[in-house]
Amino acid sequence: MNAFLCFTVTDLPPICLDVRQKQRISADASSEIKAAVPPESALPIQPKTMKDFHICFHFREDVEKSKSSGDWKAVHDFYLTTFDSFPELNAAFKKDATTSFNTIEDSGINAKFVNAVYDALLNTPQDIQKTVLKGIINSLLREWKGPRTKDDLRAYFILLQNPQFNNTSTYVIYAHLLRQIAALVEADHHFLVHWVKKLSQKRFKQLVERLLQFISLRLFPAKPEEFPPLTKCSWWIPSASKVLALLNTANNLVHPPLIPYTDFYNSTLDHIDLMEEYHTWQSFGNSHRFSFCQYPFVISIAAKKIIIQRDSEQQMISIARQSLVDKVSRRQRPDMNMLFLNMKVRRTHLVSDSLDELTRKRADLKKKLKVTFVGEAGLDMGGLTKEWFLLLIRQIFHPDYGMFTYHKDSHCHWFSSFKCDNYSEFRLVGILMGLAVYNSITLDIRFPPCCYKKLLSPPIVPSDQNTPVGICSVTTDDLSQIMPELARGLSELLSYEGNVEEDFYSTFQVFQEEFGIIKSYNLKPGGEKIPVTNQNRKEYVQLYIDFLLNKSIYKQFAAFYYGFHSVCASNALMLLRPEEVEILVCGSPELDMHALQRSTQYDGYAKTDSTIRQALHTLIARYFWDVVLGFPLDLQKKLLHFTTGSDRVPVGGMADLNFKISKNETSTNWLPVAHTCFNQLCLPPYKSKKDLKQKLIIGISNSEGFGLE
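Basis of the calculations
Residues numbered from 1 in each chain as written. Predicted model: local features only at pLDDT ≥ 70, side-chain atom pairs only at ≥ 80, totals over all residues. Heavy atoms only, no water. UniProt positions renumbered as here; feature names shortened; annotations may be inferred. Core = buried A, V, L, I, M, F, W, Y, C linked by side-chain atoms within 4.5 Å. Buried < 20%, exposed > 50% of the residue type's maximum accessible area, 1.4 Å probe, protein only. Helix = DSSP H or I, 4+ residues; strand = E, 2+ residues; numbered from the N terminus. Contact = heavy atoms within 4.5 Å. Axes fitted to C-alpha atoms, helices over the stretch in contact; angles between N-to-C directions. Left-handed = near helix turned anticlockwise from the far one by under 90°. Nonpolar A, V, L, I, M, F, W, Y, C, P; charged D, E, K, R; others polar. Pairing = 2+ DSSP bridges. Polar contact = N/O pair within 3.5 Å; in protein donor to acceptor, adjacent residues only side chain to side chain. Salt bridge = Lys/Arg side-chain N within 4 Å of Asp/Glu carboxyl O.

An unreviewed UniProt entry annotates the protein as Probable E3 ubiquitin-protein ligase HECTD2 of Cnephaeus nilssonii. A UniProt comment under Pathway (unreviewed entry) is attached to the protein, and it reads "Protein modification; protein ubiquitination." In its Function (unreviewed entry) section, UniProt records this for the protein: "E3 ubiquitin-protein ligase which accepts ubiquitin from an E2 ubiquitin-conjugating enzyme in the form of a thioester and then directly transfers the ubiquitin to targeted substrates."

So this is what it looks like as structure tokens:
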């Protein structure tokens, strides 16, 4: 075992520093570790030899000399001095010792030098690495009087980046560092967040991964004896989660983010009792009782879906139990159909029948959905439900229906601003989206991200019905996701260098065509008389975007909002990001065709049949996956849309599609056929790979109204 790994840290006195309580360290701490705090009035002056290390080149040069000569004294002295205290850390890494750097814009730290020192550290002898850990312990155990200074924050920021904390043998020290950072006041956290967001993507990602690993190994340690008992370190995971929250905040402040929000997911949490976490959060909120639901950014979308569905199931069971009790109390025979949301609709009156059924059975929306088409035999084993969704969505979103406008430039739908007497059909669309989430149906809907942001504004339906819903702050970025040309024009207006009033001759008034009639709307009182100028153009653009995305469609979106939340009325929605709501409704755009190949079922083609299996040598169907895996992404998406009705993947991945390939005993001149309700592809026994590829491309490229059953 490495020398520094043997360094005992588990017997150190607990560090309980809390900035709000200003507790002092126990007097039991050893005199060797409990050192006095140097005066903060001035940074220590390092010896001249130490100053040479401030330049990355000289530092690396000295490290290389030590490697070749075997004499590490100079390097050892540097690490010994630098990590001995917070003031020494600042003396080594601060750009200018005479400058306070009291702004969020500049931490005052020489980041390149920090990186060079840490990159070299893991390749130094073990006694040097042990020296650094000892110095950090000394720094963390010093007595603390009064609030932290910016120099203290710099020291925390530097120590947080130490790669030694990847090793479980350092976790006790790492935990104490995280505890002190977590206990800082909000103002100090504000500074740290803004400093962290200036890190490179690589260094930032390393910080996140280190914290996620720390949480995972504390939950499920490979060697439990390495760590103190859980009862003695219950604060480890809460402290790490709070620091991780600071990094998540920093990531969200950067556009585009340093790393995808999914990089904060901790898949280890998929294996804990999620409902216990959820119920703890429901009972205690964000109080002293810890729950991972307080930090939802670490919970994967798959885990969140489980929480939402189980929460709904529990509500459904509670309703069903009460219904059964009522039946029994009235000495009536219970009907098992009462456990389901049973829909009976006519194909010829699909929208009106669905609306009537859902209105009448409003109390049953959280029950398992079963659909029957009037006049047709057959039990709903999932296929009829999916067909109902597909047909309804196709009809409602058809341009001739008038509820939604399709924007070709952005390939998405948006709410029609036409005024009407009844917005119940918008409520129906919201209900459909909610039912899709609870019945694991992926909908082929193309709403822009802004829609899901509005859907969570607020995430819980207000008790006061007069409270506006579906209203959120919007920008030109939101508008560009729907109407890119208009957004570009408004951006050009903002950057126009000429005289806006004279050259554009606009007022705070907008015009919209409704049923062939041009109507005008004021963006503010008296807007038709207020010219747009260089001075007020920002206000004009903001009011214009707010009008288009919020005010002009308020009643339509409010009906849609209430429809969705009538099914998904759960506090679990507070755990979701708008992007995650979109994935729950529409699936993920990330395709993994190899995963689809592994999970595919075969009907008529045995697993050893040459028609499907790549490895065999007779007939072309063995080349099916060769063809599909060789497709560009757009053709792979078309294949998925052709066979399932959507080009997206369910939250559970390709395996949740239950994709099936069936042998179609027809002429090889025929094109493939798909049963979208069952995610089934029917292939004729083509005679060559070329023929298969040609027929498949023709079929999937003309799937709208052709080749579907």
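More follows now that the structure is in view.
Enquirer: What should I look at first to understand the nonpolar core in this one?
Expert: If you look at soluble globular proteins, the nonpolar side chains tend to sit buried side by side. Membership of the largest hydrophobic core comes to 175 residues, with the highest contact counts inside it found for Tyr-79 and Trp-388. Element by element, the count of residues in this core is highest for helix α16 (residues 424-438), at 10 residues. Sequence-distant contacts of Trp-388, that is, excluding residues within four places in its chain, are made with Met-343, Val-345, Leu-350, Ser-354, Leu-358, Leu-369, Val-371, Phe-373, Leu-432 and Leu-435. If you look at the next biggest cluster of nonpolar residues, it comprises 26 residues, including Leu-591, Tyr-602, Val-627 and Leu-683.

Enquirer: Can you walk me through the packing of helix α14 (residues 350-360) against helix α15 (residues 383-396) in this structure?
Expert: Packed helices, taken two at a time, are described by the angle their axes make and the gap between the axes. Running from amino to carboxyl end, α14 crosses α15 at an angle of 115°, the nearest separation of the two axes being 10 Å. Between α14 and α15 the crossing geometry is left-handed. Contacts between α14 and α15 involve Leu-350, Val-351, Ser-354 and Leu-358 on the former and, on the latter, Trp-388, Leu-391, Leu-392, Gln-395 and Ile-396. Of the residues assigned to the contact of α14 with α15, the class counts are seven nonpolar, two polar and no charged.

Enquirer: So what exactly am I meant to see when it comes to the environment of Asn-342 here?
Expert: Its place among the elements puts Asn-342 in strand β1 (residues 340-345). Residue classification places Asn-342 among the partly exposed positions, given a relative accessible area of 21%. As for Asn-342 and Lys-370, which are separated by 28 residues in sequence, their C-alpha atoms are 4.9 Å apart.

Enquirer: Would you mind going over the sheet that holds strand β9 (residues 673-675) with me for this structure?
Expert: The strands making up a sheet associate through backbone hydrogen bonding, with each pair oriented either parallel or antiparallel. On the basis of which strands lie adjacent, the open sheet formed by four strands has the order β7-β8-β10-β9 and mixed pairing. Strands at the two margins of the open sheet, each flanked by one partner only, are β7 (601-603) and β9. The average angle at which neighbouring strand axes cross in this sheet is 25°, direction not considered. Pairing of β9 with strand β10 (residues 680-683), which is carried by three bridges, proceeds in the antiparallel orientation. Directly across from Ala-674, in β10, lies its bridge partner Leu-681.

Enquirer: Explain helix α12 (residues 274-284) here, please?
Expert: Note: α-helices contain 3.6 residues per turn, so residues at a spacing of three or four share the same orientation. Looking at α12, one finds that the buried residues are Leu-274, Met-275, Glu-277, Tyr-278, Thr-280 and Trp-281. For α12, the elements touching its buried residues are α13 (301-329). Capping of α12 at its N-terminal end is provided by Asp-273; its side-chain oxygen lies 3.3 Å from the backbone amide nitrogen of Met-275. Phi turns positive, to about 60°, at Gly-285, one or two residues after α12.

Enquirer: I keep staring at the pattern of salt bridges and nothing clicks. Help me out?
Expert: Pairing between side chains of opposite charge can happen when their charged atoms approach one another. The final tally for this structure, using the stated rule, is 27 salt bridges. A salt bridge links Lys-94 to Asp-151; its shortest N-O distance comes to 3.1 Å. In this pair, Lys-94 sits in the loop between α4 (86-93) and α5 (111-121) while Asp-151 sits in helix α7 (residues 150-160), placing the two residues 57 residues apart along the sequence. Here Lys-94 falls in the buried class, since its relative accessible area comes to 8%. Using a relative accessible area of 19% as the deciding quantity, one classes Asp-151 as buried. Lys-205 is paired through a salt bridge with Asp-263; the nearest N and O atoms lie 2.8 Å apart. Residue Lys-205 is found in helix α10 (residues 201-219), and its partner Asp-263 is found in the loop between α11 (236-253) and α12; the two are separated by 58 residues along the sequence. One salt-bridge network, in which partners are shared between bridges, spans Lys-94, Asp-151 and Arg-154.

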